[in-house]
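What follows is each chain in one-letter form.
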Amino acid sequence: MGRSDRPVSRKLVRLGFQLLGRDLAHRQDLWPGLAVDRPSGQVIWRGQPLLQLAAPAAIIPDQLPLIAVVGSGPSLKAQRIERLGPGSAILCNGAASLASRIRPLAVAVEDERFVFRHHAMLAALPRDVPLLLSAAAIRAWAERDAAPLKNRQVALIDNLEKPVGGRRRALSDPALRDVVIRQRDGAFSIRPDLGVVITGTVAFSGLQFALAARPDRILLAGIDLTNDSQPRFYEGADQAPSGLSAGLDRILGGFALARQNAEKRGIALHCASPVSALLKVGIPRDDCLDNPPTSGL
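Residues numbered from 1 in each chain as written. Predicted model: local features only at pLDDT ≥ 70, side-chain atom pairs only at ≥ 80, totals over all residues. Heavy atoms only, no water.

K.L.:
Where do I start with the overall build of the protein chain in this structure?
P.N.:
Along its length, the protein chain carries six helices and twelve strands. Out of the 297 residues belonging to the protein chain, those deemed buried represent 55%. Residue pairs at least 24 apart in sequence account for 59% of intrachain contacts in the protein chain once pairs closer than 6 positions are excluded. Carbon and sulfur atoms make up 51% of the accessible area of the protein chain, which amounts to about 13000 Å² in all. (Helix = DSSP H or I, 4+ residues; strand = E, 2+ residues; numbered from the N terminus. Buried < 20%, exposed > 50% of the residue type's maximum accessible area, 1.4 Å probe, protein only. Contact = heavy atoms within 4.5 Å. Areas by Shrake-Rupley, 256 points an atom, 1.4 Å probe, with all protein chains shown as cover.)

So this is what it looks like as structure tokens:
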């Protein structure tokens with residue numbers, strides 16, 4: 001088993017919870033030891049208070065000039081992320097390794113497998129860096145070592161289809177009528193405080209938080225979606241496998257719908273990656289992170 005895989009114990013837990021049926025199987029994200037009370041925001045780990053969930057608006061203020069959603073695609077290796085400046089970037093997964101070069105707005109992780117593989121990277125983040133975490137990511141982090149997570153500023157990445165403490169539901173559920181914008185090929189949430197549409201890349205979750213904050217401009221960096229067979233910008237030979245290709249249609253459908261909504265809101269949405277599949281769904285290219293650039297931020 002490679003280090004990128006879930007531990008055998010987690011695989012067994014997942015199999016066990018599948019016996020509960022499709023509607024409740026996602027409760028494995030919490031078990032064992034994690035309790036999340038959505039109304040109060042209290043998060044309990046093994047019977048003891050761990051942290052109090054923050055509202056996303058407390059982490060990502062409204063109407064910033066720029067929010068950058070930064071993935072870990074290979075294209076980022078040749079770019080100058082420092083040009084973004086401090087306090088503007090949501091760093092997703094391995095982009096957290098950039099926190100020493102650019103103070104992020106937040107770090108976002110939703111896949112427990114990333115936590116199992118890179119707990120040391122996350123634990124080394126300065127304690128004043130806010131986090132956007134799924135319940136599964138919180139539990140996996142706490143399993144490894146809860147101390148670096150205790151009392152941190154954390155907003156929950158909740159899956160609208162598989163909500164914490166609730167039953168599985170479709171995005172077409174009438175209860176989500178005022179939360180989700182849907183078209184045939186994609187969907188996204190306009191209320192990420194209530195939950196997001198999960199597509200298979202945490203960068204799309206980050207974009208939903210960014211859009212809700214109504215900045216003047218959103219820049220998508222390191223979101224390539226074309227070269228997942230190559231090492232991510234921070235990886236060497238020990239490369240974790242990627243499942244992006246298998247879910248690419250769903251991912252691109254979500255980004256295309258988000259682009260349309262951004263236009264309606266007057267939010268400029270651009271892509272910094274020269275090789276990104278996002279260019280094919282009408283998100284225009286911006287070379288502001290290129291070295292050297294031909295235009296500025």
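K.L.:
Any chance you could explain the sheet that holds strand β7 (residues 131-133) here in plain terms?
P.N.:
Sheet strands associate in pairs through backbone hydrogen bonding, adopting either a parallel or an antiparallel arrangement. An order of β8-β7-β6-β5-β4-β11-β12 is seen for the seven strands of this open sheet, with the pairing classed as parallel. Edge strands, defined here as strands with exactly one partner in the open sheet, are β8 (154-156) and β12 (268-271). Averaged over all adjacent pairs, the angle separating strand axes in this sheet is 20°, with direction ignored. Summarising the sheet, strand β11 (residues 217-221) and β12 pair through four bridges and their orientation is parallel. The residue bridging Ile218 from the neighbouring strand is Leu269, located in β12. Lying over the sheet, helix α4 (residues 135-145) contacts β6 (106-109), β7 and β8, oriented at roughly 105° with respect to β7. (Pairing = 2+ DSSP bridges. Axes fitted to C-alpha atoms, helices over the stretch in contact; angles between N-to-C directions.)

K.L.:
Before we go on, may I ask you to explain the sheet that holds strand β2 (residues 42-45) in this structure?
P.N.:
The three strands are arranged β1-β2-β3 in an open sheet whose pairing can be described as antiparallel. Edge strands, defined here as strands with exactly one partner in the open sheet, are β1 (34-37) and β3 (48-52). Across the sheet, the axes of successive neighbouring strands diverge by a mean angle of 25°, strand direction being ignored. Bridge count between β1 and β2: four bridges; the pairing is antiparallel. Looking at β2, one finds that Ala35 is bridged to Ile44. Each of β1, β2 and β3 touches α4; the most contacted strand, β2, lies at about 40° to it.

K.L.:
Even after reading the chapter, I still don't get the environment of Leu176, so can you show me in this structure?
P.N.:
With respect to the helices, strands and loops of the structure, Leu176 is situated in the loop between β8 and β9 (180-183). Between the C-alpha atoms of Leu176 and Ser189, which are 13 residues apart in sequence, the distance is 9.1 Å. Look past the residues within four positions of Leu176 in its chain and what remains in contact with it is Leu160, Arg169, Ala170 and Leu171.

K.L.:
Can you help me understand the side chain of Asp158 in this one?
P.N.:
With respect to the secondary-structure elements, Asp158 resides in the loop between β8 and β9. Judged by its relative accessible area of 4%, Asp158 is buried. For Asp158, the side chain forms a polar contact with the main-chain nitrogen of Val164, separated by 3.0 Å. (Polar contact = N/O pair within 3.5 Å; in protein donor to acceptor, adjacent residues only side chain to side chain.)

K.L.:
I would appreciate a short explanation of the pattern of salt bridges in the present structure.
P.N.:
Once their charged atoms are close, side chains differing in charge can pair, the charge on each being opposite to the other. Counted according to the given criterion, the structure contains 14 salt bridges. With a closest N to O distance of 3.2 Å, Glu161 and Arg250 form a salt bridge. Placement of Glu161 in the loop between β8 and β9 and of Arg250 in helix α6 (residues 248-265) is noted, with a sequence separation of 89 residues between them. Given the relative accessible area of 38%, Arg250 is considered partly exposed. (Salt bridge = Lys/Arg side-chain N within 4 Å of Asp/Glu carboxyl O.)

K.L.:
Looking at this model, I keep getting lost on the layout of surface pockets. Mind explaining?
P.N.:
If you roll a probe as big as a water molecule over the atoms, it shows you where there is empty space left. For the second largest pocket, the calculated volume is near 180 Å³. Lining the second largest pocket we find Pro56, Ala57, Ile60, Asp62, Ile190, Arg191, Pro192, Asp193, Phe209, Ala212, Ala213 and Arg214. Listed by contribution, the elements that provide at least two residues to the lining of the second largest pocket are α2 (56-59) and α5 (202-212). (1 Å grid on protein atoms, 1.4 Å probe; cavity = no way out; pocket = protein on both sides within 12 Å on 5 of 7 lines; lining within 4 Å. Points joined across faces, edges and corners; volume = space filled by probe spheres on them.)

Remember that the coordinates give geometry; whether it matters functionally is a separate question.
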